[in-house]
Amino acid sequence: MVKTRFAPSPTGFLHIGGLRTALFNWLWARKNGGEFRLRIEDTDRQRNREEATEAILKAFDWVGLNYDGEVVYQSQRGEIYKKYIDQLLKEGKAYKCYLTPEELEEIRKAKREGRTPPIDIRKYRNFQGELEKPFVIRFKTPLEGELKFEDGVKGEQKVKLEEIEDFVIARSDGTPTYNFVVVVDDHLMGMTDIIRGDDHLRNTFKQILLYNAFGWEVPNFYHLPMIHNEKGGKMSKRDGAVDVLEYRRNGYLPEALLNFLVRLGWSYGDREIFSIGEMIQLFDPKNINKAPSRFDQSKLDWLNSYYIKNSPNDRLVKILKRDFGVEVPAGEKGEWLLGQLKERVKTLKEMAEEIGKILTPPSNYDPKGVKRFLKGDAPRRLGELKEKLKGVAPATPPEWDKLLEEFVAETGAKPREVMPPLRIAVVGEARGIDLGTLLAILGRDEVVDRIEKLLEFLQNREG
RNA sequence: GUCCCCAUCGUCUAGUGGUCUAGGAUACCGCCCUUUCACGGCGGCGACACGGGUUCGAAUCCCGUUGGGGACGCCA
């Protein structure tokens, strides 16, 4: 059985790159009828924030990624880790190192400057006895030889063992470090496939050494190339949203985000649109790309508008209310409204704003539109139209279209003397959804009011 | 600095030695549709980083160069 996991550290929100990693793991598990687990890597007490875990869970819930079993918190598994650290100590596979932070800093500085360090980092590797000093526990890595493994994305990876130093597995306060707990937990949780970011490639060698030391079976590894920002660098807050929940606040549909992310570094021929079900069916890590990819906002926007267009209205109504506090009119007026807006909007946030613009009488009029269209006979025509409206009651979009047509025919006015001015009177600008539909949504009385308001505005301006 | 990874249109990508005068999507531009703006339809612009090999034949294999990215923590 395939078992995968997503193991974020709760230092902030769920990162967009993290979501892709989670998605790939989730898809692979679901495709194989396996298990997908969630594990919070919070061994470093100084960095953790409780809200962070909450935010991650909330983001998972929003995009619809479900996990099996309970969430595992590493901070609650101290006893387990201690047992395995003691085992390594007892077997002589790890040792206490009394190097001070200052000494380590010297070693590191020398290394980076290309000098030979003044102190051997393995100074205490063969030290016998105990010192009355703070210590960390280091793992004894083999001094020579070569280590290989087959990466599911990048192919064979190898390293000379002398390049891997005796790394720390427990801090001076006794808490275990990442490279150690990740191995213990992945083994104990029975993980078979580890899909994670490229930045872990080098850690993998250390982890394999640990698997070997315990005599545990090594899982399959797949290292995903990173997602870069639009300039090709590392994604940061400055590159727009990196927090997954920010996409919700910005009016993106979860399936659009997921569809966008699944195509970043993975493909299935020429196919662009994948429902969740299709992703599960078609996903295979063997089709993951080796090269890093960039975050392309306009492609995300395109997918989002696609999914908005294809969403049932009642779903949009719910999201509009939940995330933007917008009440869509009930009945056919709401249907007309959404039917129009769905076709021309890229995000739900945009849709919410457009609804506001339509339902609220304009507080000002686009000066360019006014200048261009409300000249000559236009104001007079609007006045005539207003009078005509008092005697009729068109209700549906076709009825409004018919009425407007008749009006133009009767009065001999040019369409551009009537249509654009009317639109400006109603929403304040010369662009927007279909005119007949717009008028039908507002209803005759509201339309008459708005025409009067514009006429008043024009008169005041002249006077 | 050391080690590692990567390299097809602006971007996401198809492509695993001949079917490639390199396909799709997006973005951009134009036309059509249209009483506006969009949507939609049609068309256009646009790439195998460079240099050497290997081969009858290379986007595809090998080497180098360049460029980009990552790792080098008592972070994960």
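Note that the coordinates shown come from a computational prediction; the quantities given were computed from them, not determined experimentally.

*Asks:* Where do I start with the protein's contact with RNA strand B in this structure?
*Replies:* As a structural note, the neighbourhood of RNA strand B is formed by 57 residues, with Thr43, Arg171, Arg202, Gly265 and Arg344 the closest of them. The sugar-phosphate portion of RNA strand B accounts for 68% of its atoms within 4 Å of the protein, the bases making up the rest. Arg294 has a polar backbone atom sitting 2.7 Å from a phosphate oxygen of RNA strand B. If you list the elements that add at least two residues to the surface near RNA strand B, you get helix H4 (101-112), strand E5 (136-139), helix H6 (201-214), strand E12 (293-294), helix H10 (297-309) and helix H17 (415-427). Ranked by residues supplied to the surface near RNA strand B, first place goes to H4 with 5 residues. Taken together, the residues of the surface near RNA strand B sort by class into 14 nonpolar, 16 polar and 27 charged.

*Asks:* Can you walk me through the pattern of salt bridges in this structure?
*Replies:* Any two side chains of opposite charge can pair, given that their charged atoms come close. Considering all chains together, one arrives at 38 salt bridges under this definition. With its nearest N and O atoms 2.9 Å apart, the salt bridge here joins Glu41 to Arg39. You'll find Glu41 and Arg39 in the same group, each marked buried. A salt bridge links Arg380 to Asp377, with the shortest nitrogen-to-oxygen separation between them at 3.5 Å. Of the residues examined, Arg380 reaches a relative accessible area of 44% and is grouped as partly exposed. One continuous salt-bridge network, built from bridges that share partners, spans Arg5, Arg39, Glu41, Arg77, Asp185 and Asp186.

What counts and what doesn't
- Residues numbered from 1 in each chain as written.
- Chains lettered and ligands numbered in written order.
- Predicted model: local features only at pLDDT ≥ 70, side-chain atom pairs only at ≥ 80, totals over all residues.
- Heavy atoms only, no water.
- Near = heavy atom within 4 Å.
- Polar contact = N/O pair within 3.5 Å; in protein donor to acceptor, adjacent residues only side chain to side chain.
- Helix = DSSP H or I, 4+ residues; strand = E, 2+ residues; numbered from the N terminus.
- Nonpolar A, V, L, I, M, F, W, Y, C, P; charged D, E, K, R; others polar.
- Salt bridge = Lys/Arg side-chain N within 4 Å of Asp/Glu carboxyl O.
- Buried < 20%, exposed > 50% of the residue type's maximum accessible area, 1.4 Å probe, protein only.

Fair warning: the whole summary comes from geometry, so function is off the table for now.
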